Amino acid sequence: MKNIVILVSGSGTNLQRIIDTIESGEIQNAKVSLVVADRECFGLERAKNHNIENVLIPRGKNFSSELSKIIPENTDLIVLAGFLSILKPEFCENWGGKIINIHPALLPKFGGKGMWGHHVHHAVIEAKEKESGATVHFVTPGIDEGEAILQKSFEVTENDTPETVAEKVHIIEYEIFPIAINKVLNNVVI
């Protein structure tokens, strides 16, 4: 059984999707062994509702070092699921190839510092992009610079708003995140 640690900052909808797809067998041979939040959030409640060990480490300069102390050695994958804090380069290097993130855009476009959530969707609309989507990628010391594992796009129409783009992105995130996790954990060809 592969052990997944999930980092969250918000409501935990992607966390719930991961839990559900593990239970359904879409993600094979895996369990969520720990959920860590960087602020009080509903993601912690979701973990509690599924009897998953959970910890709150307040965000700040010591977050990565505190996180390093509690991640089990037998962790196979660390998943950033709506996680908003920046991990220290040393942490990313220590867990290189074992940390993934989902980003609400088609990287390398609209990535980097300050590009999260509604900021991304506003930027997509402002740039008059014809498409957007989501990217699951490896986490490296550079923000949103890791190799893409899986991307999926959709058409952005002239009637789209940041809110409608966000809704479309969430649908794609729920679709591709479990597929990418299963690929990384179990070497599944997609």
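Residues numbered from 1 in each chain as written. Predicted model: local features only at pLDDT ≥ 70, side-chain atom pairs only at ≥ 80, totals over all residues. Heavy atoms only, no water.

Per an unreviewed UniProt entry, the recorded name for the protein chain is Phosphoribosylglycinamide formyltransferase, and the organism is Chryseobacterium piscium. Checking UniProt for the protein chain, the heading Catalytic activity (unreviewed entry) contains the comment "N(1)-(5-phospho-beta-D-ribosyl)glycinamide + (6R)-10-formyltetrahydrofolate = N(2)-formyl-N(1)-(5-phospho-beta-D-ribosyl)glycinamide + (6S)-5,6,7,8-tetrahydrofolate + H(+)". A UniProt comment under Sequence similarities (unreviewed entry) is attached to the protein chain, and it reads "Belongs to the GART family." (UniProt positions renumbered as here; feature names shortened; annotations may be inferred.)

1. Points about the nonpolar core
By size, the foremost hydrophobic cluster in this structure holds 41 residues, and its most contacted members are Ile6, Ile18, Val79, Ile100, Phe177 and Ile181. For this core, the element with the highest residue contribution is helix H6 (residues 162-186), accounting for eight residues. Non-local contacts of Ile18, meaning those with residues more than four positions away in its chain, are made with Ile6, Ile27, Val32, Val79, Ala81, Phe177 and Ile181. Val36, Phe63, Ile71 and Val139 belong to the second-largest nonpolar core, a separate cluster that totals 17 residues. (Core = buried A, V, L, I, M, F, W, Y, C linked by side-chain atoms within 4.5 Å. Buried < 20%, exposed > 50% of the residue type's maximum accessible area, 1.4 Å probe, protein only. Helix = DSSP H or I, 4+ residues; strand = E, 2+ residues; numbered from the N terminus. Contact = heavy atoms within 4.5 Å.)

2. Regarding the sheet that holds strand E5 (residues 99-103)
Read from one edge of the open sheet, seven strands run E3-E2-E1-E4-E5-E6-E7, paired in mixed fashion. Looking along the sheet, the strands with just one partner apiece sit at the ends: strand E3 (54-56) and strand E7 (148-155). Across the sheet, the mean angle from the axis of one strand to that of its neighbour is 20°, orientation sign disregarded. Across three bridges, strand E4 (residues 75-80) lies against E5 in parallel orientation. Bridged to Val79 within E5 is Ile100. (Pairing = 2+ DSSP bridges. Axes fitted to C-alpha atoms, helices over the stretch in contact; angles between N-to-C directions.)

3. Quick look at the UniProt feature "domain: Formyl transferase N-terminal" (unreviewed entry) in the protein chain
When the UniProt feature table is mapped to this numbering, "domain: Formyl transferase N-terminal" (unreviewed entry) covers residues 2-180. Helix and strand shares over residues 2-180 are 35% and 25% respectively, and the end C-alpha atoms of the span are 15 Å apart.

4. Re helix H2 (residues 42-49)
Looking at H2, one finds that the buried residues are Gly43, Leu44, Arg46 and Ala47. An end-on view of H2 places all buried positions within 155° of arc, on one side of the element. In the stretch just after H2, Asn51 is the one whose phi turns positive, near 55°. (Arc of directions from axis to C-beta.)

5. A short note on the pairing of strand E6 (residues 131-138)
The buried fraction of E6 amounts to seven of the eight residues, a majority that puts the element mostly inside the structure. Of the pairings in the sheet, the one linking E5 to E6 comprises four bridges and is antiparallel in character. Pairing of Ile102 across the sheet is with Val136, part of E6.

6. A look at the UniProt feature "active site" (unreviewed entry) in the protein chain
Residues given the UniProt feature "active site" (unreviewed entry) here are His103. On the secondary structure map, His103 appears in strand E5. Contacts of His103, omitting those with residues within four sequence positions, involve Phe110, Gly111, Met115, Val120, Gly133, Ala134, Thr135, His137, Asp144 and Glu173. A distance of 2.7 Å separates a polar atom in the side chain of His103 from the backbone oxygen of Phe110. (Polar contact = N/O pair within 3.5 Å; in protein donor to acceptor, adjacent residues only side chain to side chain.)

7. Let's talk about the environment of Asp160
Here Asp160 lies in the loop between E7 and H6. Placed 35 residues apart in sequence, Asp160 and Ile125 show a C-alpha to C-alpha distance of 7.7 Å. Among the polar contacts made by the side chain of Asp160, one reaches the main-chain amide nitrogen of Thr157 at a distance of 2.9 Å. Engagement of the side chain of Asp160 in a polar contact is seen with the side chain of Lys168, the distance being 2.8 Å.

8. Notes on the packing of aromatic side chains
All told, the structure shown has one aromatic pair when counted by the stated rule. Here the aromatic rings of Phe63 and Phe83 are separated by 5.5 Å at their centres, their planes lie at 35°, and the arrangement is tilted. Linking Phe63 in helix H3 (residues 63-70) with Phe83 in the loop between E4 and helix H4 (89-94), this pair joins segments that are 20 residues apart in sequence. Across this residue pair, the class does not change: Phe63 and Phe83 are buried. (Phe/Tyr/Trp six-rings, centres within 6.5 Å; stacked < 30°, edge-to-face > 60°.)

9. Structural notes on the side chain of His121
Mapping His121 onto the fold places it in helix H5 (residues 117-126). Assessed through its relative accessible area of 5%, His121 is described here as buried. Ignoring anything within four residues of it in the chain, the contact list for His121 reads Pro104, Pro162, Val165, Ala166 and Val169.

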